[in-house]
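Residue-level structure breakdown
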Amino acid sequence: MTEPTSDRPAIDPTFKSLLDAFPMTFKAEDGVEVARKRLRLLKVPQEMLPGLRTEDRTVDHGGLAGIPVRIYWPAGAATPAPVVVFYHGGGFCLGDLDTHDPVARAHAAGAEAIVVSVDYRLAPEHPFPAGVNDCWAVLQWVAENAAELGGDPARIAVAGDSAGGNLAAVMAHLARQHGGPALAFQLLWYPTVTADLSLPSYTENAAAPVLDRDAIDAFLSWYLPELDISDPTALPPTVAPANADDLSGLPPAYIGTAEHDPLRDDGARYAKLLTAAGVQVELSNEPTLVHGYVSFAMVIPAAAEATDRGLAALKRALHG
(Lines give C-alpha, C1' and ligand atoms only; values in the text may rest on other atoms or scores of the structure.)
Protein backbone atom coordinates (compact mmCIF):
# COMPACT_ATOMS: atom_id res chain seq x y z
CA MET A 1 0.00 0.00 0.00
CA THR A 2 1.04 3.57 -0.54
CA GLU A 3 2.15 5.12 2.71
CA PRO A 4 0.28 8.41 3.35
CA THR A 5 2.32 11.35 4.56
CA SER A 6 1.27 14.51 6.33
CA ASP A 7 3.17 16.63 3.84
CA ARG A 8 1.95 14.95 0.68
CA PRO A 9 1.50 17.20 -2.37
CA ALA A 10 -1.79 19.03 -2.68
CA ILE A 11 -4.25 18.39 -5.48
CA ASP A 12 -3.12 19.95 -8.74
CA PRO A 13 -4.41 23.56 -8.50
CA THR A 14 -5.87 23.64 -12.01
CA PHE A 15 -7.67 20.38 -11.37
CA LYS A 16 -8.92 21.57 -7.98
CA SER A 17 -10.33 24.78 -9.45
CA LEU A 18 -12.28 22.78 -12.01
CA LEU A 19 -13.62 20.36 -9.42
CA ASP A 20 -14.60 23.17 -7.05
CA ALA A 21 -16.64 24.72 -9.86
CA PHE A 22 -18.28 21.44 -10.90
CA PRO A 23 -18.67 19.13 -7.85
CA MET A 24 -19.32 15.51 -8.79
CA THR A 25 -20.14 13.81 -5.48
CA PHE A 26 -23.58 12.58 -4.41
CA LYS A 27 -25.35 10.33 -1.92
CA ALA A 28 -27.48 7.23 -2.38
CA GLU A 29 -30.63 9.12 -1.42
CA ASP A 30 -30.02 11.48 -4.35
CA GLY A 31 -30.82 8.56 -6.65
CA VAL A 32 -28.90 7.05 -9.52
CA GLU A 33 -30.36 9.39 -12.15
CA VAL A 34 -28.94 12.44 -10.37
CA ALA A 35 -25.52 10.82 -10.41
CA ARG A 36 -25.86 9.90 -14.08
CA LYS A 37 -26.79 13.44 -15.04
CA ARG A 38 -23.76 14.83 -13.23
CA LEU A 39 -21.44 12.48 -15.08
CA ARG A 40 -22.96 13.47 -18.42
CA LEU A 41 -22.11 17.12 -17.70
CA LEU A 42 -18.44 16.29 -18.26
CA LYS A 43 -18.12 16.88 -21.98
CA VAL A 44 -15.06 17.50 -24.11
CA PRO A 45 -15.56 19.79 -27.13
CA GLN A 46 -15.75 17.69 -30.27
CA GLU A 47 -12.98 19.67 -31.94
CA MET A 48 -10.54 18.59 -29.22
CA LEU A 49 -11.07 14.88 -29.83
CA PRO A 50 -8.87 12.82 -32.15
CA GLY A 51 -10.73 12.13 -35.37
CA LEU A 52 -11.16 8.39 -35.72
CA ARG A 53 -13.40 6.10 -37.72
CA THR A 54 -16.05 4.66 -35.42
CA GLU A 55 -18.97 2.29 -35.69
CA ASP A 56 -21.73 1.44 -33.23
CA ARG A 57 -22.82 -2.20 -33.19
CA THR A 58 -24.62 -4.67 -30.96
CA VAL A 59 -23.01 -7.94 -29.94
CA ASP A 60 -24.69 -11.31 -29.51
CA HIS A 61 -22.73 -14.07 -27.80
CA GLY A 62 -23.34 -17.04 -25.55
CA GLY A 63 -27.04 -16.50 -24.98
CA LEU A 64 -26.70 -12.74 -24.47
CA ALA A 65 -27.98 -10.47 -27.20
CA GLY A 66 -27.94 -6.82 -28.12
CA ILE A 67 -24.95 -5.64 -26.06
CA PRO A 68 -24.03 -2.20 -27.46
CA VAL A 69 -20.41 -1.53 -28.37
CA ARG A 70 -18.58 1.28 -30.13
CA ILE A 71 -15.57 0.36 -32.23
CA TYR A 72 -12.72 2.80 -32.91
CA TRP A 73 -10.10 2.39 -35.61
CA PRO A 74 -6.81 4.30 -35.19
CA ALA A 75 -5.76 6.53 -38.06
CA GLY A 76 -2.99 5.09 -40.19
CA ALA A 77 -2.46 1.95 -38.12
CA ALA A 78 -1.02 -1.12 -39.77
CA THR A 79 -3.33 -4.09 -40.38
CA PRO A 80 -3.84 -6.27 -38.49
CA ALA A 81 -3.84 -3.94 -35.51
CA PRO A 82 -3.94 -4.92 -31.85
CA VAL A 83 -7.31 -4.73 -30.13
CA VAL A 84 -8.19 -3.22 -26.76
CA VAL A 85 -11.51 -4.07 -25.13
CA PHE A 86 -12.40 -1.07 -22.98
CA TYR A 87 -14.76 -1.06 -19.99
CA HIS A 88 -15.94 2.34 -18.77
CA GLY A 89 -16.08 3.47 -15.17
CA GLY A 90 -18.97 4.85 -13.14
CA GLY A 91 -19.32 2.64 -10.10
CA PHE A 92 -21.08 -0.09 -12.12
CA CYS A 93 -24.08 2.26 -12.15
CA LEU A 94 -23.15 5.26 -14.32
CA GLY A 95 -21.53 5.87 -17.68
CA ASP A 96 -22.03 4.76 -21.24
CA LEU A 97 -20.44 4.88 -24.68
CA ASP A 98 -20.85 8.64 -24.85
CA THR A 99 -19.56 9.62 -21.40
CA HIS A 100 -16.35 7.68 -22.06
CA ASP A 101 -16.01 8.38 -25.77
CA PRO A 102 -13.02 10.73 -25.22
CA VAL A 103 -11.29 8.10 -23.06
CA ALA A 104 -11.86 5.33 -25.60
CA ARG A 105 -10.56 7.59 -28.38
CA ALA A 106 -7.45 8.34 -26.33
CA HIS A 107 -6.75 4.62 -25.98
CA ALA A 108 -7.15 4.02 -29.72
CA ALA A 109 -4.90 6.92 -30.66
CA GLY A 110 -2.36 6.47 -27.86
CA ALA A 111 -1.94 2.71 -28.26
CA GLU A 112 -2.44 2.66 -32.05
CA ALA A 113 -5.03 -0.04 -31.50
CA ILE A 114 -8.59 -0.87 -32.40
CA VAL A 115 -10.74 -0.19 -29.35
CA VAL A 116 -14.03 -1.91 -28.61
CA SER A 117 -15.85 0.06 -25.91
CA VAL A 118 -18.54 -1.92 -24.09
CA ASP A 119 -21.90 -0.52 -22.94
CA TYR A 120 -22.57 -3.20 -20.32
CA ARG A 121 -25.78 -3.26 -18.25
CA LEU A 122 -25.78 -1.04 -15.19
CA ALA A 123 -27.04 -1.34 -11.62
CA PRO A 124 -29.35 -0.81 -9.85
CA GLU A 125 -31.59 -1.90 -12.72
CA HIS A 126 -29.17 -4.75 -13.48
CA PRO A 127 -27.07 -5.59 -10.40
CA PHE A 128 -24.11 -7.97 -10.29
CA PRO A 129 -23.39 -10.15 -12.22
CA ALA A 130 -25.20 -8.71 -15.27
CA GLY A 131 -22.40 -6.32 -16.16
CA VAL A 132 -19.74 -8.99 -15.74
CA ASN A 133 -21.65 -11.32 -18.03
CA ASP A 134 -21.95 -8.64 -20.74
CA CYS A 135 -18.27 -7.80 -20.53
CA TRP A 136 -17.23 -11.44 -20.79
CA ALA A 137 -19.53 -12.02 -23.76
CA VAL A 138 -18.02 -9.08 -25.64
CA LEU A 139 -14.44 -10.13 -24.91
CA GLN A 140 -15.13 -13.58 -26.35
CA TRP A 141 -16.86 -12.03 -29.36
CA VAL A 142 -13.87 -9.76 -29.98
CA ALA A 143 -11.46 -12.70 -29.89
CA GLU A 144 -13.60 -14.63 -32.36
CA ASN A 145 -14.15 -11.65 -34.69
CA ALA A 146 -10.88 -9.74 -34.39
CA ALA A 147 -9.82 -10.51 -37.95
CA GLU A 148 -13.10 -9.20 -39.36
CA LEU A 149 -12.45 -5.93 -37.52
CA GLY A 150 -8.95 -5.70 -38.96
CA GLY A 151 -7.48 -6.78 -35.66
CA ASP A 152 -4.91 -9.29 -34.51
CA PRO A 153 -6.43 -12.01 -32.26
CA ALA A 154 -2.96 -12.66 -30.83
CA ARG A 155 -2.70 -9.09 -29.50
CA ILE A 156 -5.77 -8.40 -27.37
CA ALA A 157 -5.69 -6.32 -24.20
CA VAL A 158 -8.30 -5.23 -21.69
CA ALA A 159 -8.51 -1.77 -20.16
CA GLY A 160 -10.86 0.11 -17.89
CA ASP A 161 -11.17 2.95 -15.43
CA SER A 162 -12.49 2.64 -11.87
CA ALA A 163 -15.36 0.12 -12.01
CA GLY A 164 -14.16 -0.58 -15.53
CA GLY A 165 -10.75 -1.36 -14.08
CA ASN A 166 -12.45 -3.94 -11.87
CA LEU A 167 -14.20 -5.42 -14.88
CA ALA A 168 -10.99 -5.49 -16.93
CA ALA A 169 -9.22 -7.31 -14.08
CA VAL A 170 -12.13 -9.74 -13.78
CA MET A 171 -11.94 -10.42 -17.52
CA ALA A 172 -8.25 -11.29 -17.19
CA HIS A 173 -9.15 -13.86 -14.52
CA LEU A 174 -12.01 -15.32 -16.56
CA ALA A 175 -9.84 -15.56 -19.67
CA ARG A 176 -7.16 -17.46 -17.75
CA GLN A 177 -9.77 -19.66 -16.05
CA HIS A 178 -11.40 -20.60 -19.36
CA GLY A 179 -8.19 -21.08 -21.31
CA GLY A 180 -8.62 -17.93 -23.41
CA PRO A 181 -8.87 -15.53 -25.00
CA ALA A 182 -5.14 -15.07 -24.49
CA LEU A 183 -4.57 -11.50 -23.30
CA ALA A 184 -1.42 -9.50 -23.91
CA PHE A 185 -1.98 -6.82 -21.26
CA GLN A 186 -4.34 -5.30 -18.72
CA LEU A 187 -4.47 -1.53 -18.17
CA LEU A 188 -6.22 -0.76 -14.89
CA TRP A 189 -6.94 2.88 -14.11
CA TYR A 190 -7.61 3.45 -10.37
CA PRO A 191 -9.40 0.10 -10.10
CA THR A 192 -11.51 -1.27 -7.29
CA VAL A 193 -10.18 -4.81 -6.91
CA THR A 194 -10.17 -5.73 -3.22
CA ALA A 195 -13.47 -4.26 -1.91
CA ASP A 196 -11.60 -3.68 1.37
CA LEU A 197 -12.99 -0.46 2.82
CA SER A 198 -10.58 -0.69 5.77
CA LEU A 199 -7.56 0.30 3.68
CA PRO A 200 -6.04 3.60 4.88
CA SER A 201 -6.82 5.56 1.72
CA TYR A 202 -10.56 5.05 2.24
CA THR A 203 -10.30 7.00 5.49
CA GLU A 204 -7.65 9.45 4.38
CA ASN A 205 -9.60 10.38 1.25
CA ALA A 206 -13.13 9.88 2.56
CA ALA A 207 -14.11 13.38 1.45
CA ALA A 208 -12.12 13.43 -1.79
CA PRO A 209 -13.52 15.15 -4.87
CA VAL A 210 -15.12 13.06 -7.68
CA LEU A 211 -15.31 9.91 -5.54
CA ASP A 212 -15.96 10.05 -1.79
CA ARG A 213 -17.25 7.51 0.73
CA ASP A 214 -20.88 8.54 0.20
CA ALA A 215 -20.59 7.77 -3.51
CA ILE A 216 -18.79 4.50 -2.83
CA ASP A 217 -21.49 3.40 -0.38
CA ALA A 218 -24.17 4.27 -2.94
CA PHE A 219 -22.47 2.31 -5.70
CA LEU A 220 -22.01 -0.76 -3.50
CA SER A 221 -25.63 -0.72 -2.34
CA TRP A 222 -26.83 -0.52 -5.95
CA TYR A 223 -24.38 -3.01 -7.49
CA LEU A 224 -24.28 -5.65 -4.74
CA PRO A 225 -27.72 -5.60 -3.07
CA GLU A 226 -27.66 -9.33 -2.38
CA LEU A 227 -24.08 -9.67 -1.12
CA ASP A 228 -22.71 -9.16 2.38
CA ILE A 229 -19.66 -6.94 1.94
CA SER A 230 -18.72 -6.82 5.64
CA ASP A 231 -15.97 -9.39 5.00
CA PRO A 232 -14.30 -8.41 1.72
CA THR A 233 -12.16 -11.56 1.71
CA ALA A 234 -15.33 -13.67 1.36
CA LEU A 235 -16.43 -11.98 -1.86
CA PRO A 236 -16.06 -13.91 -5.13
CA PRO A 237 -13.19 -12.96 -7.47
CA THR A 238 -15.76 -11.71 -9.98
CA VAL A 239 -16.40 -8.91 -7.46
CA ALA A 240 -12.94 -8.68 -5.87
CA PRO A 241 -10.28 -10.10 -8.21
CA ALA A 242 -7.69 -9.89 -5.42
CA ASN A 243 -9.51 -12.79 -3.74
CA ALA A 244 -8.58 -15.31 -6.42
CA ASP A 245 -6.81 -18.35 -5.01
CA ASP A 246 -4.09 -18.06 -7.65
CA LEU A 247 -2.96 -14.85 -9.38
CA SER A 248 -0.18 -16.42 -11.40
CA GLY A 249 -0.39 -16.56 -15.17
CA LEU A 250 -2.33 -13.32 -15.53
CA PRO A 251 -1.26 -10.86 -18.25
CA PRO A 252 1.19 -8.05 -17.48
CA ALA A 253 -0.45 -5.02 -15.94
CA TYR A 254 -0.16 -1.28 -15.60
CA ILE A 255 -2.05 0.09 -12.60
CA GLY A 256 -2.54 3.83 -12.37
CA THR A 257 -3.63 5.25 -9.02
CA ALA A 258 -4.09 8.74 -7.59
CA GLU A 259 -2.85 9.99 -4.23
CA HIS A 260 -6.11 11.81 -3.42
CA ASP A 261 -8.38 8.86 -4.17
CA PRO A 262 -10.09 6.43 -1.77
CA LEU A 263 -9.09 3.62 -4.16
CA ARG A 264 -5.37 4.45 -4.03
CA ASP A 265 -4.43 1.61 -1.68
CA ASP A 266 -6.76 -0.79 -3.49
CA GLY A 267 -4.67 -0.58 -6.65
CA ALA A 268 -1.41 -0.63 -4.71
CA ARG A 269 -2.37 -3.80 -2.84
CA TYR A 270 -3.36 -5.54 -6.07
CA ALA A 271 -0.05 -4.57 -7.66
CA LYS A 272 1.77 -6.11 -4.70
CA LEU A 273 -0.26 -9.32 -4.90
CA LEU A 274 0.29 -9.65 -8.65
CA THR A 275 4.02 -9.07 -8.27
CA ALA A 276 4.21 -11.72 -5.57
CA ALA A 277 2.50 -14.14 -7.98
CA GLY A 278 5.11 -13.49 -10.67
CA VAL A 279 3.01 -11.15 -12.82
CA GLN A 280 4.84 -8.20 -14.36
CA VAL A 281 3.27 -5.02 -12.96
CA GLU A 282 3.96 -1.31 -13.25
CA LEU A 283 2.30 0.81 -10.57
CA SER A 284 2.17 4.58 -11.00
CA ASN A 285 0.67 6.62 -8.18
CA GLU A 286 0.01 10.20 -9.29
CA PRO A 287 0.81 12.49 -6.32
CA THR A 288 -1.36 15.50 -7.23
CA LEU A 289 -4.31 13.80 -8.88
CA VAL A 290 -7.73 12.47 -7.88
CA HIS A 291 -9.99 9.65 -8.96
CA GLY A 292 -11.11 9.83 -12.58
CA TYR A 293 -8.13 11.75 -13.90
CA VAL A 294 -8.09 10.02 -17.30
CA SER A 295 -11.45 11.62 -18.10
CA PHE A 296 -9.84 15.03 -17.56
CA ALA A 297 -6.74 14.45 -19.66
CA MET A 298 -7.95 16.76 -22.42
CA VAL A 299 -8.11 19.79 -20.11
CA ILE A 300 -5.71 19.16 -17.20
CA PRO A 301 -2.00 18.93 -18.16
CA ALA A 302 -1.05 16.82 -15.11
CA ALA A 303 -3.84 14.37 -15.95
CA ALA A 304 -2.66 14.24 -19.56
CA GLU A 305 0.89 13.36 -18.47
CA ALA A 306 -0.38 10.61 -16.18
CA THR A 307 -2.65 9.22 -18.88
CA ASP A 308 0.16 9.22 -21.41
CA ARG A 309 2.27 7.07 -19.10
CA GLY A 310 -0.35 4.35 -19.00
CA LEU A 311 -1.10 4.52 -22.70
CA ALA A 312 2.62 4.28 -23.48
CA ALA A 313 2.81 1.09 -21.43
CA LEU A 314 -0.19 -0.30 -23.32
CA LYS A 315 1.38 0.60 -26.66
CA ARG A 316 4.68 -1.06 -25.72
CA ALA A 317 2.90 -4.23 -24.71
CA LEU A 318 0.93 -4.41 -27.94
CA HIS A 319 3.61 -3.31 -30.39
CA GLY A 320 6.83 -4.42 -28.69
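Going by an unreviewed UniProt entry, the chain carries the name Carboxylesterase NlhH and comes from Mycobacterium parmense. Entered under Sequence similarities (unreviewed entry) in the UniProt record, the comment concerning the chain runs "Belongs to the 'GDXG' lipolytic enzyme family."

What follows deals with the packing of aromatic side chains. Tallied over the entire structure, the rule returns nine aromatic pairs. Seen in terms of ring centroids, Tyr-190 and Tyr-293 are 5.0 Å apart; in terms of plane orientation they differ by 65°. Their pairing is edge-to-face. Separated by 103 residues along the polypeptide, Tyr-190 in the loop between β6 (185-189) and α6 (200-204) and Tyr-293 in the loop between β8 (281-290) and α9 (301-319) bring together distant segments of the chain. Comparing Tyr-190 with Tyr-293 shows no difference in burial state: the two are buried. Ring centres 6.4 Å apart and planes at 65° place the aromatic pair Phe-219 and Trp-222 in the edge-to-face group. Here Trp-222 and Phe-219 lie together in helix α7 (residues 213-223), a separation of three residues that amounts to about one turn. Overall, Phe-219 belongs to the buried group, its relative accessible area being 11%. Members of the aromatic cluster, connected to one another through ring pairs, are Trp-189, Tyr-190, Tyr-254 and Tyr-293. Sitting over the ring of Trp-73, Arg-53 keeps its end group 3.8 Å from the ring centre.

Val-85, Tyr-87, Val-138, Leu-139, Met-171 and Tyr-270 are the most contacted members of the largest nonpolar core, which has 71 residues in total. With residues near it in sequence (within four places) discarded, Leu-139 still touches Val-85, Tyr-87, Ile-156, Val-158, Met-171, Pro-181 and Leu-183. Formed by 35 residues, the second largest nonpolar core is a distinct cluster that contains Val-115, Ala-258, Ala-303 and Ala-306.

What follows covers the layout of surface pockets. As a volume, the largest pocket reaches approximately 840 Å³. Along its surface, the largest pocket is lined by 40 residues, and Met-24, Leu-39, Leu-42, Ser-295 and Phe-296 are the ones closest to its centre. Only α1 (13-21), α2 (32-40), α3 (101-111) and α7 provide two or more residues apiece to the lining of the largest pocket. Of the residues forming the lining of the largest pocket, the biggest block, four residues, is contributed by α2. When contributions to the lining of the second largest pocket are tallied by element, the ones reaching two or more residues are α3 and α9.

In this section: the sheet that holds strand β2 (residues 64-73). The sheet built from eight strands is open, its strands ordered β1-β2-β4-β3-β5-β6-β7-β8 with mixed pairing. Strands with a single pairing partner mark the edges of an open sheet, and in this sheet they are β1 (53-61) and β8. If you compare each strand with its neighbour and ignore which way they point, the axes differ by 20° on average. Here strand β5 (residues 151-161) runs beside β6; their pairing, made up of five bridges, is parallel. Residue pairing for β6: Val-158 is matched across the bridge by Gln-186.

Bringing empty space enclosed by the protein into the picture now. For the structure shown, the criterion picks out one cavity of 30 Å³ or more. Of the pockets and cavities examined, the largest cavity occupies roughly 240 Å³. In terms of lining, the largest cavity is formed by 17 residues, of which the most central are Phe-92, Thr-192, Ile-216, Leu-220 and Leu-263. The set of elements that each furnish at least two residues to the lining of the largest cavity consists of α5 (163-177) and α7. Of all the elements, α7 adds the most residues to the lining of the largest cavity, at four residues. Split by residue class, the lining of the largest cavity holds 13 nonpolar, four polar and no charged.

Take unusual backbone geometry next. Of the consecutive residues Ala-123 and Pro-124, the connecting peptide bond is found in the cis state with omega at 5°. Of the consecutive residues Phe-128 and Pro-129, the connecting peptide bond is found in the cis state with omega at 10°. Counting through the fold element by element, Pro-129 comes out in the loop between β4 (114-118) and α4 (130-149). A positive phi angle, near 60°, is found at Ser-162, a position not held by glycine. Position of Ser-162 relative to the elements: it lies in the loop between β5 and α5. On the basis of relative accessible area, Ser-162 is assigned to the buried category, the value being 9%. In the Ramachandran plot, Val-210 falls in the positive-phi region, its phi being about 75° despite a non-glycine side chain. Mapping Val-210 onto the fold places it in the loop between α6 and α7. Among the residues examined, Val-210 registers a relative accessible area of 19% and is labelled buried.

What counts and what doesn't
- Residues numbered from 1 in each chain as written.
- Predicted model: local features only at pLDDT ≥ 70, side-chain atom pairs only at ≥ 80, totals over all residues.
- Heavy atoms only, no water.
- UniProt positions renumbered as here; feature names shortened; annotations may be inferred.
- Phe/Tyr/Trp six-rings, centres within 6.5 Å; stacked < 30°, edge-to-face > 60°.
- Helix = DSSP H or I, 4+ residues; strand = E, 2+ residues; numbered from the N terminus.
- Buried < 20%, exposed > 50% of the residue type's maximum accessible area, 1.4 Å probe, protein only.
- Lys NZ or Arg CZ within 6 Å of the ring centre and 35° of its normal.
- Core = buried A, V, L, I, M, F, W, Y, C linked by side-chain atoms within 4.5 Å.
- Contact = heavy atoms within 4.5 Å.
- 1 Å grid on protein atoms, 1.4 Å probe; cavity = no way out; pocket = protein on both sides within 12 Å on 5 of 7 lines; lining within 4 Å.
- Points joined across faces, edges and corners; volume = space filled by probe spheres on them.
- Pairing = 2+ DSSP bridges.
- Axes fitted to C-alpha atoms, helices over the stretch in contact; angles between N-to-C directions.
- Nonpolar A, V, L, I, M, F, W, Y, C, P; charged D, E, K, R; others polar.

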